[in-house]
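Listed below are the residues making up each chain.
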Amino acid sequence: MTTPRTSSPVPPAAPDAVVAALRAAGCVFAEEEAALLAAAADTPDRLASLVARRAAGEPLEHVVGWAEFRGLRIDVAPGVFVPRRRTEFLVGRALALAPAARVVVDLCCGSGALGAALAAALPDAELHAADIDPAAVDCAGRNLAPRGGRVHHGDLFAALPAGLRGRIEILAANVPYVPTADIRLLPAEAREHEPPAALDGGPDGLAVLRRVAQGAPAWLAPGGCLLAETSGRQAPAARRAFAEAGLTAGVAVCEESEAHVITGVLPAATPVH
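Predicted model, so just to flag it, every value in this text is computed and none were measured.

Rules behind the numbers
Residues numbered from 1 in each chain as written. Predicted model: local features only at pLDDT ≥ 70, side-chain atom pairs only at ≥ 80, totals over all residues. Heavy atoms only, no water. Helix = DSSP H or I, 4+ residues; strand = E, 2+ residues; numbered from the N terminus. Rg over C-alpha atoms; globule rule 2.2 N^0.38 Å. Buried < 20%, exposed > 50% of the residue type's maximum accessible area, 1.4 Å probe, protein only. Areas by Shrake-Rupley, 256 points an atom, 1.4 Å probe, with all protein chains shown as cover. 1 Å grid on protein atoms, 1.4 Å probe; cavity = no way out; pocket = protein on both sides within 12 Å on 5 of 7 lines; lining within 4 Å. Points joined across faces, edges and corners; volume = space filled by probe spheres on them. Nonpolar A, V, L, I, M, F, W, Y, C, P; charged D, E, K, R; others polar. Contact = heavy atoms within 4.5 Å. Axes fitted to C-alpha atoms, helices over the stretch in contact; angles between N-to-C directions. Parallel < 35°, antiparallel > 145°, perpendicular 65-115°, else oblique. Left-handed = near helix turned anticlockwise from the far one by under 90°. Pairing = 2+ DSSP bridges. Salt bridge = Lys/Arg side-chain N within 4 Å of Asp/Glu carboxyl O.

(A) Looking closely at the overall build of the protein chain. The helix and strand inventory of the protein chain stands at 10 helices and nine strands. Over its C-alpha atoms the protein chain spans a radius of gyration of 19 Å, differing by no more than 12% from the 19 Å that the globule rule assigns to 273 residues. Each principal axis of the C-alpha atoms in the protein chain carries an extent, and together these give about 65 × 40 × 30 Å. For the protein chain, the proportion of its 273 residues judged to be buried stands at 53%. For the protein chain, the computed accessible surface area is about 11900 Å², with 55% contributed by carbon and sulfur atoms.

Structure follows, in structure tokens:
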């Protein structure tokens, strides 16, 4: 799991005992986490409660209530998928493909981190987001409403307003892509505290991605792009799914963050039915 960044040293309010408790619980970045927990607590009792939650295995982002994503502070509520830093690469690829996009959709939005990052870079764009999980919709609403975004509840494209059909220039879909059988191998923080629907991608991890790829051409504007993250092992099959849907498909890789992003562009001459 990720740890929100901080450049500050552990403040005096975070005693050595906090660092020791976190280190004993297996927190690799105990000093950094202690600083964040201390900053989130207004009383010693509150700090003790936060430390106990973190030591029990709750994701740090859920404990402090936020995560950093592309320099933004994103609200993250308990039970909502925590945005991963490697997914920042997807946002960068989206902006490279459509640097002047006017209509942006964050599908499977979770906290709305992708939508918030895209809105920060494209402040004049019309922004929509959607998720099947009501808790995620509530959380994304808090992050996107101040940026002019609208968040919808429902299953993939069924959640979106019909008026978006054929108009979307960036469709960022952070779909679940963990194969069902591999869920048990995930860290306990993810298995026990994040919604299964945000993790489980079906037998090969690509069930939701295929549904998004098949539906995307009807919603994308000519030249519009679809982007989704996968693992390196899944990337060839995911690229084929995009191509079979009629998109000009590619794979972008960031070696540093081990991120694999599948991109699909709707050719300008493609008729949409």
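Still more to cover.
(B) Examining the layout of surface pockets more closely. Its volume calculated, the largest pocket comes out at about 470 Å³. Lining the largest pocket are 26 residues; nearest its centre among them are Arg84, Arg86, Tyr177, Val178 and Leu186. For the lining of the largest pocket, the residue count by class is 12 nonpolar, eight polar and six charged. Its volume calculated, the second largest pocket comes out at about 360 Å³. Surrounding the second largest pocket, 26 residues form its lining, Cys108, Asp131, Pro176, Ala197 and Ala198 being those nearest its centre. Sorting the residues of the lining of the second largest pocket by element identifies helix H6 (113-121), strand E4 (126-131) and helix H9 (207-219) as the ones contributing at least two each. Split into classes, the residues belonging to the lining of the second largest pocket amount to 17 nonpolar, five polar and four charged.

(C) Spotlight on the side chain of Asp131. Within the fold, Asp131 resides in strand E4. The contact partners of Asp131, leaving out residues within four places of it in the chain, are Cys108, Cys109, Gly110, Ala136, Val137, His152, His153 and Gly154.

(D) Representation of the packing of helix H5 (residues 88-97) against H6. The geometry of H5 relative to H6 is characterised by a closest axis approach of 10 Å and an angle of 40 degrees between their N-to-C directions. By the angle between their axes, H5 is oblique relative to H6. As H5 runs across H6, the sense of the crossing is right-handed. Contacts between H5 and H6 pair Leu90, Val91, Ala94 and Leu95 from the former with Leu114, Ala117, Leu118 and Ala121 from the latter. Its residues assigned to classes, the contact of H5 with H6 comprises eight nonpolar, no polar and no charged.

(E) Local environment of the sheet that holds strand E5 (residues 150-153). As summarised here, the arrangement of the seven strands in space is E5-E4-E3-E6-E7-E9-E8, forming an open sheet in which the pairing is mixed. The open sheet is flanked by E5 and strand E8 (248-254), the only strands paired with a single partner. Each neighbouring strand pair of the sheet contributes to a mean axis angle of 20 degrees, computed without reference to strand direction. Two strands pair when backbone bridges link them, and strand E3 (residues 103-107) and strand E6 (residues 168-173) are joined in this way by four bridges, in the parallel orientation. If you follow Asp106 over to E6, its bridge partner there is Ala172. Sitting on the sheet, helix H7 (residues 134-144) touches E4 and E5, and the angle it makes with E5 is about 175 degrees.

(F) Structural context of the pattern of salt bridges. According to the stated counting rule, one finds 12 salt bridges in the structure shown. The salt bridge partner of Arg86 is Glu229, with a shortest N-O separation of 3.3 Å. In this pair, Arg86 sits in the loop between strand E2 (72-75) and H5 while Glu229 sits in strand E7 (residues 220-230), placing the two residues 143 residues apart along the sequence. Notably, a salt bridge pairs Asp182 with Arg233, separated by 3.7 Å at the nearest N-O pair. You can see Asp182 sitting in the loop between E6 and helix H8 (188-193) and its partner Arg233 sitting in the loop between E7 and helix H10 (235-244), a full 51 residues away along the chain. Owing to a relative accessible area of 62%, Arg233 belongs among the exposed residues under this scheme. Residues joined in a network through salt bridges with shared partners are Glu33, Arg54 and Glu189.

(G) How the structure looks around the packing of H9 against H10. Between H9 and H10, whose axes approach to 8 Å, the crossing angle comes to 25 degrees. In terms of orientation, H9 and H10 fall into the roughly parallel class. Like other packed secondary-structure pairs, H9 and H10 cross with a definite hand, here right-handed. Residue-level inspection shows Leu209, Arg210, Ala213 and Gln214 of H9 in contact with H10, the latter providing Ala238, Ala241, Phe242 and Glu244. Broken down by class, the residue content of the contact of H9 with H10 amounts to five nonpolar, one polar and two charged.

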